[in-house]
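Each chain, letter by letter, is given below.
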Amino acid sequence: MRSSHDSGMQLIAMTAEEQKNGGSSLVISYSFAKSSFGDVLIASTAKGLCYLAFVMKDEAGALKELKQRFSKATFALKQDATQKKALRAFQKGEAPGDLTLHLKGTDFQISVWKALLAISMGKVTTYGDIANKIKKPKAFRAVGTAVGQNPISFLIPCHRVVPSSGGIGNYHWGTERKQRMIEWEGGLC
């Protein structure tokens, strides 16, 4: 069975023009949905999925975080085909198919996020392993920061990165959720 992360997802970086002036040239469609691990806020541009986050307290707070990331973009409450395709990843055995991720990030962050996409479902790796994979073996702390700034929760599987010292490690969306994700994926393999 192929994971959503092995299904042809393409990661493209936003251009300097798209990032300029708080994303003022971007039109971002967003919607809220239920997932296997809690409610999510999902957003996309004309080029692809740009954001997927778990709703921690309420929808207003989640939307505020998205709008802070793209402070001058135009926002529309609308679920589009890209979002629907991405949400299939939360259904057992489903993969979103070919999906473009349109991300705001530095070259270093983009390289880390691409490395995360290569982690097979049901497997975990360490920050040091990711640093080695991107050919920056001394940058494991910076890798940890980039992992924590991942804008596409679950689809870019930052939950699959654990400390080399053992244990589950921290997770922006809570360690209990991270543990459930890892166990759920392990059951699909």
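One can find the structure itself at the top, above this paragraph.
Reading guide: rules and limits
For every chain, the first residue of the written sequence is number 1, and numbering continues from 1 along that sequence. With pLDDT at 70 or above as the cut-off, local features in this predicted model cover only qualifying residues; side-chain atom pairs require 80 or more to be listed or tallied, and sums for whole chains, interfaces and linings still use all residues. Where side-chain values are given, they derive from all heavy atoms of the structure, hydrogens and water being excluded. Helix and strand assignments come from DSSP, with helices taken as H or I runs of at least 4 residues and strands as E runs of at least 2, each series counted from the N terminus. Under the scheme applied here, a residue whose accessible area is under 20% of the maximum for its type counts as buried, over 50% as exposed, and between as partly exposed, the area being computed with a 1.4 Å probe on protein chains only. Each polar contact in these results corresponds to two N or O atoms within 3.5 Å; when the atoms are within protein, one needs to be able to donate a hydrogen and the other to accept it, and residues that are neighboring in sequence are counted only if both atoms are side-chain atoms. Here, a strand pair is defined by DSSP locating no fewer than two bridges between the strands. Throughout, a residue-residue contact means that at least one pair of heavy atoms, one from each residue, lies within 4.5 Å. The arc refers to the directions leading from the helix axis to the C-beta atoms. Buried Ala, Val, Leu, Ile, Met, Phe, Trp, Tyr and Cys residues form a nonpolar core when they are joined through side-chain atoms within 4.5 Å. The criterion for an aromatic pair is that two Phe, Tyr or Trp rings (for Trp, the six-membered ring) have centres within 6.5 Å, with stacked assigned to planes under 30 degrees apart, edge-to-face to planes over 60 apart and tilted to the rest. Here, over-ring charges are defined by two tests on the NZ atom of lysine or the CZ atom of arginine: distance to the ring centre within 6 Å, and angle to the ring normal within 35 degrees.

## A few points about the side chain of S44
Working step 1: Within the fold, S44 resides in strand β3 (residues 40-44).
Working step 2: The buried category is assigned to S44, whose relative accessible area is 1%.
Working step 3: Separated by 2.5 Å, the side chains of S44 and D80 make a polar contact.
Working step 4: Among the polar contacts listed, one links the side chain of S44 to the side chain of Q83, at a separation of 3.0 Å.

## Some remarks on the pairing of β3
Working step 1: Most of β3 sits out of view: five of its five residues are buried.
Working step 2: Burial along β3 is two-sided: V40, I42 and S44 facing one way and L41 and A43 facing the other are all buried.
Working step 3: Linkage of strand β2 (residues 27-33) to β3, two consecutive antiparallel strands, is achieved through a turn of six residues, within which G38 is found at a positive phi near 120°.
Working step 4: Relative to strand β4 (residues 49-54), β3 runs antiparallel, the two sharing five bridges. Bridge pairing links V40 to F54 in β4.
Working step 5: Connecting β3 to the antiparallel partner β4 that follows it, the hairpin turn spans four residues.

## A short note on the side chain of H102
Working step 1: One can find H102 in strand β6 (residues 100-103).
Working step 2: Here the side chain of H102 touches E18 through a polar contact of 3.0 Å, side chain to side chain.
Working step 3: Ignoring anything within four residues of it in the chain, the contact list for H102 reads I12, A13, M14, E18, L26, T45, K47, G48, L49 and C50.

## Some thoughts on helix α1 (residues 16-23)
Working step 1: When we look at burial in α1, the residues that qualify are E18, G22 and G23. The arc enclosing the buried residues of α1, seen along the axis, measures out at 25°, which places them on a common side.
Working step 2: Along its buried surface, α1 packs onto β1 (10-13) and β6.

## A few points about the nonpolar core
Working step 1: Core analysis: the largest hydrophobic core is formed by 57 residues, its most contacted members being L66, F70, L101, L116, L155 and I156.
Working step 2: Those residues in contact with L101, other than ones at most four positions away along the chain, are M9, Q10, L11, I12, L49, L117, I152 and I156.

## Quick word on the packing of aromatic side chains
Working step 1: Taken as a whole, this structure holds nine aromatic pairs when the rule is applied.
Working step 2: Plain terms: the ring middles of Y30 and F75 are 6.5 Å apart, the flat faces sit at 70° to each other, and that makes the pair edge-to-face. Note that Y30 is positioned in strand β2 and F75 in strand β5 (residues 74-77), a separation of 45 residues in sequence. A single burial state applies to Y30 and to F75, both of which are buried.
Working step 3: Its end group placed over the ring of F70, K104 keeps NZ or CZ at 5.4 Å from the ring centre.
Working step 4: Directly above the aromatic system of F54 lies the positively charged group of R177, at a separation of 4.4 Å from the ring centroid.

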